[in-house]
Amino acid sequence: MAENENGAEKSEEPTAKRLRESREKGQLARSRELNTVAVTLGGIGGLLASGAGLAGSLMMMMQGSFDLSRETLLDESSMVRLLTSSGMLALEAIMPLLVVLLIVSIVGPVSLGGWLFSAKAMAPKFSRMNPGAGLKRMFSAKALVELLKALGKFLVVLTVALLVLNAYQDDLLSIAKQPLELAIAHSVEIVGWCALWMACGLILIAAVDVPFQLWDNKKKLMMTKQEVKDEYKDSEGKPEVKSRIRQLQREAAQRRMMQAVPEADVVITNPTHFAVALKYDGGKGGAPLLVAKGSDFTALKIREIAQEHQVTVLESPALARAVYYSTELEQEIPAGLYLAVAQVLAYVYQLRQYRAGKGKRPEPLNELPIPPDLRRDET
């Protein structure tokens, strides 16, 4: 089992954050052997596909370069034209092969780990220039694995090369007896197939290297239990910090709620355990809003602020409990309480008129109509 620099066991799977950060740093599983196989097979496949045309173009280029008339040889400017035409002919002949190599050189790395552009991976790291760190990498387990892979590649390619050369021995010897045009085409064909079989030997190395790179990359990303806990704290926040934030949020919300009490039309109480402050804006055409509510100490504070600002305080235990439990702050009261609250607001309006000397004293409110589903027993 892997261990970190502190000796702690890395037994936990990498988290999504760890995987994302490693990708941003360019730390992905990459296999140079897979890239080598892709480029080699792509190049050889392109050579076999365009071999005949490439051989014909090379033969035309050789004929045009060596079969010259006397006037051409005496003309100094003709050399530039011959060089230019030969270069264009060679470029045209080899262009399909170059395109194939370009495609496979991109597809090879992307096939393992996907496409990635990381500025962090491109940034210079002076730690790589440390001779001590370099010696440590040279004698590390990874360096030993790379040495074994190189030795394995050499033995595999050597074995396949000997087998291929032995299989094509007669064809190679027959080239000397063939006409020039046929010999060139035949040579290109033999070289292509020989290289293809030798490249197929590299598939064995890549088949071993790809799983190893995946395992090695996952091993590096494994985490200890403490690292998982620390990451959770960093991403979600420490419990004591989150508790403090919630406390501050509650205090800010309570301050805003207390600031809204003076604007209320009425405060309905339990009379001591609960207090709710309602405001009705007839111009908006909606239902009354709950601008403040609280129990015990908060209820006492609401009543004190209401009395300081001459807001009517009305005792109605059943209605106070019903509004407290059924309505959230800054929300309209439920439809089932419309009639009861309407009677309360009408009473408050008549009381204001009486205090202003414009009417008679209103009769005390009787039992308010509260639906059974909104009633709450007294606690």
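In this convention, every chain numbers its residues from 1, walking through the sequence in written order. Only residues with pLDDT of at least 70 get local features here, since the model is predicted, and only at 80 or more are side-chain atom pairs given and counted; chain-wide, interface and lining totals rely on the full set of residues. Only hydrogens and water are set aside; all other atoms, that is, all heavy atoms of the structure, feed into the side-chain values.

Engineer: Whenever I open this one, the pairing of strand E1 (residues 266-269) confuses me. Can you help?
Structural biologist: The side chains of a regular strand alternate between the sheet's two faces. Alternating residues of E1 divide into Val 266 and Ile 268 and Val 267 and Thr 269, and every residue in both groups is buried. Sheet analysis places E1 next to strand E2 (residues 274-279), joined by 4 bridges and oriented antiparallel. From the neighbouring strand, Val 266 faces E2, where its bridge partner is Leu 278. As judged from the 4 bridges shared by E1 and strand E4 (residues 312-315), these two strands associate in the parallel manner. Within E4, the residue paired with Thr 269 across the bridge is Glu 315. The rule is simple: take the accessible area with a 1.4 Å probe, protein chains only, and divide by the maximum for that residue type; under 20% is buried, over 50% is exposed, in between is partly exposed. A run of H or I in DSSP counts as a helix once it spans at least four residues, and a run of E counts as a strand once it spans at least two, with each numbered from the N terminus. Note: two strands are recorded as paired if DSSP finds a minimum of 2 bridges between them.

Engineer: When you look at unusual backbone geometry in this model, what are you seeing that I'm missing?
Structural biologist: With the exception of glycine, most residues fall at negative phi, and the peptide bonds are largely trans. Phi at Asp 296 is positive, roughly 55°, even though this residue is not glycine. Summarising the element assignment, Asp 296 is placed in the loop between strand E3 (289-295) and helix H12 (297-308). Of note, the phi angle at Glu 330 is positive, near 60°, even though the residue is not glycine.

Engineer: In this structure, what is going on with the side chain of Thr 312? I would like to understand it.
Structural biologist: Along the chain, the position of Thr 312 falls in strand E4. The class of Thr 312 is buried, set by a relative accessible area of 7%. Throughout, a contact is declared for two residues whenever any of their heavy atoms are within 4.5 Å. Once you skip the residues sitting within four places of it in the chain, Thr 312 turns out to touch Asp 265, Val 266, Val 267, Val 348, Leu 351 and Arg 355.

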